[in-house]
Amino acid sequence: MSFGETQITIVGNLTADPELKFTDSGQALAKFTVAATPRTFDRETNQWKDGTSTFFRCAAWRSLAEHVAESLTKGSRVVLSGRIRQHNWQTEGGENRSMLAVEVDDVGASLRFTTVAINGKSGSKPDASGDPWNTAGGGDKPPF
């Protein structure tokens, strides 16, 4: 990450299954769109009302791309963090175009309305007791 990059955190739902592709050099790329919709409670009608949705085109690379493609489907509620990138191009007709997209650094399932089971290794290695945080028998100090 470079100094001055625009960081963003988004909570929303996938609008379709992620598309997994591989570059010519073999790097995995997952492309997907997340819709974030604000909700407000209308006290007069005693109901929730959806606001205008914002759609974020997202790209995840390498192992994150493969994990996204294997784990998420249309409708999955996610919390993701990343960086906003501007892409510029020119159409065949010579018109300049640009769009903003999110280069995803991390993504996880939102547990607000559902539960999930985590599979695989977290990357941390357990100590001899089998406790990756070494919290057993830690004395008077909390593990944090």
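Think of each chain on its own: its residues are numbered from 1, step by step along the sequence as written. Residues qualify for local features only when their pLDDT is at least 70, as the model is predicted, and side-chain atom pairs are given and counted only at 80 or more; totals for whole chains, interfaces and linings, by contrast, use all residues. Side-chain metrics rest on all non-hydrogen atoms present in the structure, leaving aside hydrogens and water.

A.B. asks: Pulling in residues and values, what's your account of the pattern of salt bridges?
C.D. replies: Here, a salt bridge means any Lys or Arg side-chain nitrogen found within 4 Å of an Asp or Glu carboxyl oxygen. In the structure shown here, the tally under the stated rule is nine salt bridges. For Arg 83, the salt bridge identified is with Glu 103, shortest N-O distance 3.3 Å. Of this pair, Arg 83 sits in strand β7 (residues 77-90) while Glu 103 sits in strand β8 (residues 96-109); the two residues are 20 residues apart in sequence, bridging distant segments of the chain. According to the relative accessible area criterion, Arg 83 is buried, its value standing at 11%. Linking Arg 85 and Glu 103 is a salt bridge whose minimum nitrogen-to-oxygen distance equals 3.1 Å. In DSSP terms, a helix is any run of H or I states spanning at least four residues, a strand is any run of E spanning at least two, and both are numbered starting from the N terminus. Here's how the labels work: a residue is buried when its accessible area is under 20% of the maximum for its type, exposed when over 50%, partly exposed in between, all with a 1.4 Å probe on protein chains only.

A.B. asks: Which residues make up the side chain of Asp 42, and what values go with them?
C.D. replies: One can find Asp 42 in strand β4 (residues 39-42). Only heavy atoms enter the contact rule, under which two residues are in contact if any of them lie within 4.5 Å. When residues no more than four places from it in sequence are discounted, the contact partners of Asp 42 are Gln 47 and Lys 49.

A.B. asks: Run through the confidence of the model for the chain, naming residues and quoting values.
C.D. replies: Note on scores: pLDDT gives the predictor's confidence for each residue, bounded by 0 and 100. The predicted model of the chain has a mean per-residue pLDDT of 86, with 82% of residues at 70 or higher. Within the chain, the element-level pLDDT minimum falls on β4, averaging 93, and the maximum on strand β2 (residues 19-22), averaging 98.

A.B. asks: Requested: an account of the nonpolar core, with residues and values cited.
C.D. replies: By nonpolar core is meant a set of buried Ala, Val, Leu, Ile, Met, Phe, Trp, Tyr and Cys residues that side-chain atoms within 4.5 Å join together. If you look at the biggest cluster of nonpolar residues, it comprises 19 residues, and the most contacted ones within it are Phe 32, Val 34, Ala 60, Val 68, Leu 80, Val 104 and Val 107. Of all the secondary structure elements, the ones that give two or more residues to this core are β1 (7-14), β3 (28-36), β6 (54-61), α1 (62-71), β7 and β8. Among the elements that take part in this core, β3 stands out by supplying five residues, more than any other.

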